[in-house]
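Breakdown of the fold
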Amino acid sequence: MGEQLYENRELSWLRFNERVLEESEDERTPLCERLSFVSIYQTNLDEFFMVRVGSLHDEMLLDDEKDNKTNMKASEQLEAIREKVKGLNIRKDASYANLMNKLQDQGIHLIDFARLNQKEGEFLKQYFEAEILPLLSPITVSKKQPFPFIKNNEICAVAVLETKANKQRLGIVPCNNGMFRRLIQIPGNKGYYMLAEELILHFLPSVFQGYNITSKSLIRVTRNADIDADKVYDEELNYRDHMAEVIKMRKKLTPVRMEYTRDLDKKVLNRMKKYLNIDKDMLFKLNSPLDLSFVFDIQDILRKKEELYFTKRVPQKSPSFDETKPLIPQIMEKDKMLFYPYESIRPFLNMLHEAANDPEVISIKMTLYRLAKHSKVVEYLVEAAENGKQVDVLVELKARFDEENNIEWSRQLEQAGCHVIYGLDGLKVHSKLCLITKKTDEGIKYITQIGTGNYNEKTARLYTDICIMTADERIGKEAALIFKKLSLGEVMESVDQLMVAPKNLQNKIIDKINREIEVAKNGGEAYLGIKINSLTDKKIIDRLIEASKAGVKVDMVIRGINCLRSGIPGKTDNIRIISIVGRFLEHSRIYIFGKGEREEMYISSADFMTRNTVRRVEVAMPVKDEDIKIRIRDIFNTMLQDNFKARVQKPDGSYPYVSHEAPLINCQEIFYDKAYQAVGSEVKDIDEKEQR
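Below you will find a few notes about this structure. (Residues numbered from 1 in each chain as written. Predicted model: local features only at pLDDT ≥ 70, side-chain atom pairs only at ≥ 80, totals over all residues. Heavy atoms only, no water.)

1. Here we look at the packing of aromatic side chains
- Within this structure, the stated rule accounts for 20 aromatic pairs.
- Relative to F294, the ring of Y96 lies with its centre 6.5 Å away and its plane at 80°, an arrangement referred to as edge-to-face. With Y96 in helix α3 (residues 74–103) and F294 in the loop between β9 (283–285) and α9 (295–301), the pair connects residues that are 198 residues apart, well separated along the chain.
- Judged by its relative accessible area of 7%, Y96 falls in the buried class.
- Relative to F608, the ring of Y591 lies with its centre 5.0 Å away and its plane at 50°, an arrangement referred to as tilted. Here F608 lies in the loop between β24 (600–604) and α17 (610–613) and Y591 lies in strand β23 (residues 589–593), a separation of 17 residues in the sequence. (Phe/Tyr/Trp six-rings, centres within 6.5 Å; stacked < 30°, edge-to-face > 60°. Helix = DSSP H or I, 4+ residues; strand = E, 2+ residues; numbered from the N terminus. Buried < 20%, exposed > 50% of the residue type's maximum accessible area, 1.4 Å probe, protein only.)

Structural data, given as structure tokens:
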């Protein structure tokens, strides 16, 4: 049959999360940062089960649909996921145990009752009875009392209770109700801590008095959160109110996983499986805490020990702007680029603020997908509306797990007089597009900003993204038409300058790949350079395979899911794929087609996933300014040379680290070095005021 060309999407995602877990195992990474990565691995996996496993579970119940690349049925994918996750969780438990052992050298000890002396045990008993017991809501399951609803990802203590008449019941106690601290310090023993759920588990006899407890464990249930908001939408409802109901619904959906920490009798596990209506293979025993978010509290305790953290790095001023002068005239003179997190988002925010107060500006239009909790973007849009500008804002209420935040922002924007649009039927608006329209003595002028990441001041310090601002009239006119279509609930049918999904992105990308195939077939130097988060679109994958066969050199930087296997002789051996997982989350999307004079370069919000290319509103923007082109090309080439945090995909789908040859190249550190050198800066947090 030969080597497999395609990788299953879900298994590829698990390979990505394995790379995240590897960061917690990497001795070169400072200890407290390794703690972050083991926690990120867990939260990533939680969301994976809530969304992807939940979706596969639904597919299996409906028609056991096959994956269009590997022909795996939903049931087969679930089986493969279970096996992979069991192996990864063993590694996660080992990594966690190793890190907690190393923390003891830093004076931090997370202990259990076996390591307490009598005095400490007495204190914890008194603490439990005074501070925790009154706040607990225990439940016993019997014929009269049905099995309770367990919230999504809520830790519960479960006990098998035996009555004096030798009858068995199940006792359940929710452990994280938010009314007491989770990390409890042991008095008189600095640096010694215990988790609240372990304290509750130990003192269950005080909770269920009159029973004999024969076995006990901590459990956590993960529920399916994959709701198609459009399928349950009633047109009689206000859409924002509808999304609020969807959020409530998500919290009540079917369990897809149960994790537990202690051995439980098979009969008890079977009862739990029956109560929760969950597959027995979706029960996972862990040897580490069920929720690792407490490690961030430990980090706070150790914050003064700088050697346990990455060297402090903060976003720098962009040398492209003179911030002592108005910014919009500078953009009208020459295209400008910002590169987050190495450069500050401040010039973009200042431009927005400037536009809000510019008497020549008549309108500001933006698409908003994810926003910071304290958003300067919203503040300046409100200011613009209050100053009499026309402010049109498309707020995507279906931005998964950010719906509540976006609902609240949409209310504030409407109250300020902004015109708020809530997306299109069946299509998420994922584009990062801002259009400022000026009415001058010379006529209408446009400032268009297109980015690869969200208008979020917090993630602009953590995610690598590119933002370009231009006064190009042709791009401005197309952006204006996009907003007009969106306000009418329509999509762009044709474009000239931009690529706009769902109608004009996938096909244009394929056309440009085909052009390189023809160049290669005619003996020319053909090239494709792609940086994205994920690759799942089979039509694009198949054209990339044909490009490789034709002799097109293809370099790809794909952080996450990748359904194409590179390096297979005669098929994909002209394709090199690397993944960079490091200090900052690689988020920018760059498309490069051709070399030399034929080179075309784009930045975009769109990954090469079918959901992005044909099921969302996405925008890709051509890079026209030669200085910006040179800079982006240098950024891309530097990533290709990374031999510190880059992994290279092998034909079997594995991702070993790129060989660590001298000199070591850590692209993210290089980008920060360049940002500091460009302004001759010392470590100075120029965004500190915005972050308060």
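Here the narrative resumes.
2. Some points on the pattern of salt bridges
- All told, the structure shown has 53 salt bridges when counted by the stated rule.
- Put simply, K84 and E18 hold a salt bridge, and the shortest N to O gap is 3.2 Å. Note that K84 is positioned in helix α3 and E18 in helix α1 (residues 9–25), a separation of 66 residues in sequence.
- Accessibility expressed as a relative area gives 16% for E18, which makes it buried.
- Taking the shortest distance from any N to any O, the salt bridge between D46 and R257 comes out at 2.6 Å. (Salt bridge = Lys/Arg side-chain N within 4 Å of Asp/Glu carboxyl O.)

3. Side note on the sheet that holds strand β5 (residues 183–185)
- The strand order across the open sheet built from three strands is β1-β6-β5, with neighbouring strands paired in mixed fashion. The open sheet has two edge strands, β1 (109–110) and β5, and neither has a second partner.
- Alignment of β5 against strand β6 (residues 192–195), held across three bridges, turns out to be antiparallel. Bridge pairing in β6 links I184 to M194. (Pairing = 2+ DSSP bridges.)

4. Focus: unusual backbone geometry
- The omega angle of the peptide bond from Y340 to P341 is -5°, so this bond is cis rather than trans.
- Cis peptide bonds are those with omega within 30 degrees of zero, and the linkage from A501 to P502 qualifies with 15°.
- Located in the positive-phi region is N71, a residue other than glycine, with phi close to 60°.
- Overall, the relative accessible area of 51% leaves N71 in the exposed class.
- Its identity is not glycine, yet N166 carries a phi of approximately 65°, on the positive side.

5. A few points about helix α4 (residues 118–132)
- With 15 residues, α4 extends 20 Å between its outermost C-alpha atoms, agreeing within 8% with the 21 Å of an ideal straight helix rising 1.5 Å per residue.
- Those residues of α4 that fall on the buried side of the exposure criterion are E120, G121, L124, Y127, F128 and I132. Seen end-on, α4 carries its buried residues on one side only, within an arc spanning 120°. Exposed and oriented more than 90 degrees from the buried face of α4 are Q118, K119 and A130.
- Check the buried side of α4 and you find it contacts β5, β6, α5 (196–202) and α6 (204–207).
- Looking at where α4 begins, the residue whose side-chain oxygen comes 3.1 Å from the main-chain nitrogen of K119 is N117. (Expected span 1.5 Å × (residues − 1). Arc of directions from axis to C-beta. Contact = heavy atoms within 4.5 Å. Polar contact = N/O pair within 3.5 Å; in protein donor to acceptor, adjacent residues only side chain to side chain.)

6. As for the side chain of T638
- With respect to the secondary-structure elements, T638 resides in helix α18 (residues 626–641).
- Overall, the relative accessible area of 7% leaves T638 in the buried class.
- Not counting the four nearest positions on each side in its chain, T638 is found in contact with I665, C667, I670, F671 and K674.

7. Structural notes on the pairing of strand β19 (residues 527–532)
- Of all six residues in β19, six are buried; the element is thus mostly enclosed.
- Burial of the side chains of β19 extends over both faces: Y527, G529 and K531 are buried on one face and L528, I530 and I532 on the other.
- In terms of strand pairing, β19 meets strand β20 (residues 553–558) through six bridges, oriented parallel. If you follow Y527 over to β20, its bridge partner there is K553.
- What joins β19 to β20 is helix α16 (residues 538–550), and the crossover it makes is right-handed.
- One ladder, built from four bridges, connects β19 with β23; its direction is antiparallel. Its bridge partner being in β23, I530 is matched across the sheet by Y591. (Right-handed = clockwise from strand over helix to strand, strands pointing away.)

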